[in-house]
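Structure assessment
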Amino acid sequence: MLTTAKKLSSVYMKQISLVVSTPSSSPFISSSPFLSFGSSISIFTIPFTNPRGTQFLNLNFQFRTMASHVVGFPRMGPKRELKFALESFWDGKSSSEDLEKVAADLRSSIWKQMAEGGIKYIPSNTFSYYDQVLDTTAMLGAVPPRYSWNGGEIGFDVYFPMARGNDSVPAMEMTKWFDTNYHYIVPELGPDVKFCYAYHKAVNEYKEAKSLGVDTVPVLVGPVSFLLLSKAAKGVEKSFPLLSLIDKILPVYKEVIAELKAAGASWIQFDEPTLVKDLDFHQLGAFSHAYSELESSLSGLNVLIETYFADVPAEAFKTVTALKGVTALGFDLVRGSKTLDLIKSGFPSEKYLFAGVVDGRNIWANDLASSLSTLQALENIVGKDKLVVSTSCSLLHTAVDLVNETKLDEEIKSWLAFAAQKLVEVNALAKALAGQRDEAFFSANAAARTSRKSSPRVTNEAVQKAAASLKGSDHRRATNVSARLEAQQKKLNLPLLPTTTIGSFPQTLELRKVRREYKANKISGEGYVKYITEEISKVVKLQEDLDIDVLVHGEPERNDMVEYFGEQLSGFAFTANGWVQSYGSRCVKPPIIYGDVSRPKPMTVFWSSLAQSMSKRPMKGMLTGPVTILNWSFVRDDQPRFETCYQIALAIKDEVEDLEKAGINVIQIDEAALREGLPLRKSEEAFYLNWAVHSFRITNCGVQDTTQIHTHMCYSNFNDIIHSIIDMDADVITIENSRSDEKLLSIFCEGVKYGAGIGPGVYDIHSPRIPSAEEIAERISKMLAVLDTNILWVNPDCGLKTRKYTEVNPALSNMVAAAKLLRAHLASTK
């Protein structure tokens, strides 16, 4: 019997209580480190002999479920193992087998980590070689014709060109995943797409985990959210109703479900995050229809519908709680606190509630006492056996493991929890709910939270006062944009269709090595400045040789566009390995804003002035805007986000004015993440846009008319906030355009008037593909059809940091050639 129990414990790593009774004695309890997961059941009756003769030993397992769940887990690895394996494979330095081996090792370690951490419902199929929506597109065989797929199982030769493009075809569009800094690949669909089951990854990963002794919950992007996150393919009317395809994709989902059932799956998770958005009656009806159609296929499976990132609206809550064949519902109770009221007003008695009380979007330690109180209240509503402790969303959006942070300030470190620590928090809450509260762990948690609240390093009264004073003012430049552009043109004397780049140039291995060695004190300050100066000089000469009109210094001194500034501002802390996936193999290391923010000294003036001294052409001073610094950081949660943003804006304002005093006449303040922070509910958008746009205007409201303020935005849907973009009152905006099939231009076709300078990107820098001059010229011509000639700029979609010089040089050369071709054409038509 004990051998059997030990086998159970090796799989589940939980605690079991044995209630042993004999005919001659009262029951006694023996605690053993074995698993239990239900109510008291008599499993074995074993004969034994004692002095009174043969009797029988009844072993009854009595237990409370320690039900815990994780929506998803980071897949890059604690040291970015997947990133380096992907890039090695893409560069032809390793084989597909090498890549698959790294991936398998990562998956195995993740599943085992969760199993050993006491997580009961462990997700599989949350790992991806690039993106989970792209995985679903491949699963459905929805490959755009340009990738020349001829059927069969989709492999890397089709999968990666869809994500990245290649020499002959462009990549699929990439855009932000809701309001996160993660990007997904947008499916391209239309009435003629022939769906078929073409990518068996979900089933293969379930079997892989099972072979390792871990029974998982396979995760699929839900059918309705998949369609709502898609777009009409090129050549298909933009008004094409994507939800009309629901009955065409459900047969594939049924095939996947059937294979998972045959493989032994007992649970399946459908991620339907679009349920938190403002959906109309028709869209909500699609959920009811889809899951009604899947009901017979799902019979015999426990089905979890998972939502995240915001409150579920009342009508959506009503819809999802009534879905047929659904066993459990998961809600984000961190960002969706109002959902609690809906649950309290009525939750189906037959369904499980997966309560997302551990934050998957930030790195602060959970308030265990508060979360436990919430869970206990929910337990009274849904029942003790129907409540599961979960994360608010996938832990994909947080850093991997605090253990790897050996140099992080110990006080700040005590305030944090990365993904690995959040597993511990989930399990601790589940155990506490089951009556096995770890008092030492809860006490340490309470002490850390008290420390954070009382620490003098968190609050700066002068900064608080300065930020508070901003709320009553508009902070606009005194002159309108058309007058400013006229004054700037007299000073800068730029040609028609001026060319520029977004800011960064390739970050070579040698350059990164020099920065690392400088930080490790292996290179002197003098040696470092000499190297960076030479690097800037090369980039300036390259741009002059290419005949680019407005130059950049290439940012060789910068590790990341947010981290670089955070390192020079007060109130920020930094990690060594706190990497978070942004897209594909691209990872960012968000700073941690723990306290009030200020700028002790100038941050960029030295390098910008140095670069300007190397050329007579205008040199852009390059800054990251306050909203982007905020949205691309792990932000303190003890005050409203807008208050932190105003503090950052004041710091950037100081930098802008110092750059102007140093003779920098063009200053770019990137707000790449402005759209990203837009709330998912329409009712909350205006408040966010008001303070976000105000924050940007604060940074540059004091400069002269002749100082040209640029901003940049990338990879998001901007059409619905175009009026807020205009209200930012920048002189020039550069914006992603090429990868989304010139979607941005449609807003101008519809009559929106834009009087400032604008540079819709003319080529996609996230693909290794080099566009020809003719292709770029054609793109510029499309822009000229809807934009005035005198406001149009020519530039790439984004910075060139991730590209190689062998790609950058010819692409920029073709870009300049295209601009000159169009200039000549415009001159001849006059």
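These remarks concern the structure in this document. No experiment lies behind these values; they were computed from the predicted model shown. (Residues numbered from 1 in each chain as written. Predicted model: local features only at pLDDT ≥ 70, side-chain atom pairs only at ≥ 80, totals over all residues. Heavy atoms only, no water.)

Here we look at the overall build of the protein
- In terms of helices and strands, the protein carries 28 helices and 25 strands.
- Looking at the 830 residues of the protein, the share that counts as buried comes to 60%.
- Residue pairs at least 24 apart in sequence account for 78% of intrachain contacts in the protein once pairs closer than 6 positions are excluded.
- Accessible area for the protein stands at about 32200 Å²; split by element, carbon and sulfur atoms hold 52% of it.
- Side chains of the protein carry 90 positive and 95 negative charges; the gap between the two charge centres is 2 Å. (Helix = DSSP H or I, 4+ residues; strand = E, 2+ residues; numbered from the N terminus. Buried < 20%, exposed > 50% of the residue type's maximum accessible area, 1.4 Å probe, protein only. Contact = heavy atoms within 4.5 Å. Areas by Shrake-Rupley, 256 points an atom, 1.4 Å probe, with all protein chains shown as cover. Lys, Arg positive; Asp, Glu negative; His and termini not counted. Charge placed at Lys NZ, Arg CZ, Asp CG, Glu CD.)

Brief notes about the sheet that holds strand β21 (residues 634-635)
- With respect to topology, three strands assemble into an open sheet ordered β16-β19-β21, the strand pairing being mixed. Among the strands making up the open sheet, the edge pair consists of β16 (570-573) and β21.
- Relative to strand β19 (residues 592-598), β16 runs antiparallel, the two sharing three bridges. Bridging across to β19, Phe-572 finds its partner in Ile-593.
- Contacts from helix α23 (residues 641-661) reach β19 and β21 within the one sheet, and its direction differs from that of β19 by about 55°. (Pairing = 2+ DSSP bridges. Axes fitted to C-alpha atoms, helices over the stretch in contact; angles between N-to-C directions.)

What to know about the environment of Ile-726
- By the element assignment, Ile-726 lies in helix α25 (residues 722-727).
- Those residues in contact with Ile-726 that sit more than four places away from it in its chain are Val-752, Lys-753 and Tyr-754.

Focus: the nonpolar core
- Grouped together as the largest cluster of nonpolar side chains are 133 residues, with contacts concentrated most on Tyr-129, Phe-270, Ile-305 and Phe-331.
- Here this core gets nine residues from one element, more than from any other, and that element is helix α8 (residues 246-263).
- Discounting chain neighbours no more than four positions away, the residues touching Phe-331 are Glu-306, Thr-307, Val-312, Phe-317, Val-320, Thr-339, Ile-343, Phe-347, Leu-353, Phe-354, Ala-355 and Gly-356. (Core = buried A, V, L, I, M, F, W, Y, C linked by side-chain atoms within 4.5 Å.)

Side note on the packing of helix α27 (residues 773-784) against helix α28 (residues 805-829)
- It is the contact of α27 with α28, at a shortest axis distance of 8 Å, that shows an interaxial angle of 50°. The orientation of α27 with respect to α28, classified from their angle, is oblique. As for how α27 packs across α28, the hand of that crossing is right-handed. Residues Ala-773, Ile-776, Ala-777, Ile-780, Ser-781 and Leu-784 of α27 form the contact with α28, whose participating residues are Ala-811, Asn-814, Met-815, Ala-817, Ala-818, Ala-819, Leu-821, Leu-822 and Leu-826.
- For the contact of α27 with α28, the class distribution of residues is 13 nonpolar, two polar and no charged. (Parallel < 35°, antiparallel > 145°, perpendicular 65-115°, else oblique. Left-handed = near helix turned anticlockwise from the far one by under 90°. Nonpolar A, V, L, I, M, F, W, Y, C, P; charged D, E, K, R; others polar.)

Quick notes on the pattern of salt bridges
- Tallied over the entire structure, the rule returns 45 salt bridges.
- A salt bridge links Glu-557 to Arg-558, with the nearest nitrogen and oxygen atoms 3.0 Å apart.
- Looking at Glu-557, the relative accessible area reads 5%, which means it is buried.
- One salt bridge in this structure joins Glu-657 and Lys-653, with 2.8 Å as the shortest N-O distance. Separated by four residues within a single helix, Glu-657 and Lys-653 lie in helix α23, roughly one turn from each other.
- Taken together, the shared-partner salt bridges connect Arg-107, Asp-135, Lys-201, Glu-205 and Glu-208 into one network. (Salt bridge = Lys/Arg side-chain N within 4 Å of Asp/Glu carboxyl O.)

Let's talk about unusual backbone geometry
- Of note, Arg-80 is a non-glycine position whose phi angle comes to about 60°, a positive value.
- With respect to the secondary-structure elements, Arg-80 resides in the loop between β4 (53-62) and α2 (81-90).
- For Leu-497, which is not glycine, the phi dihedral falls at a positive 50°.
- Here Leu-497 is to be found in the loop between α17 (481-492) and α18 (509-519).

Digging into the environment of Glu-425
- By secondary structure assignment, the location of Glu-425 is in helix α14 (residues 419-433).
- Since its relative accessible area comes to 4%, Glu-425 is described here as buried.
- For Glu-425 and Ala-314, which are 111 residues apart along the polypeptide, the C-alpha to C-alpha distance reads 30 Å.
- Those residues within four positions of Glu-425 in sequence are excluded, and the remaining contacts are Val-358, Ala-365, Asn-366, Leu-368, Ala-417 and Phe-441.

Observations regarding the packing of aromatic side chains
- Scanning the model with the defined rule gives 29 aromatic pairs in all.
- Plain terms: the ring middles of Trp-90 and Phe-160 are 5.5 Å apart, the flat faces sit at 85° to each other, and that makes the pair edge-to-face. Of this pair, Trp-90 sits in helix α2 while Phe-160 sits in helix α5 (residues 156-164), and the two are 70 residues apart along the sequence.
- Residue Phe-160 is classed as buried on the basis of its relative accessible area of 5%. (Phe/Tyr/Trp six-rings, centres within 6.5 Å; stacked < 30°, edge-to-face > 60°.)

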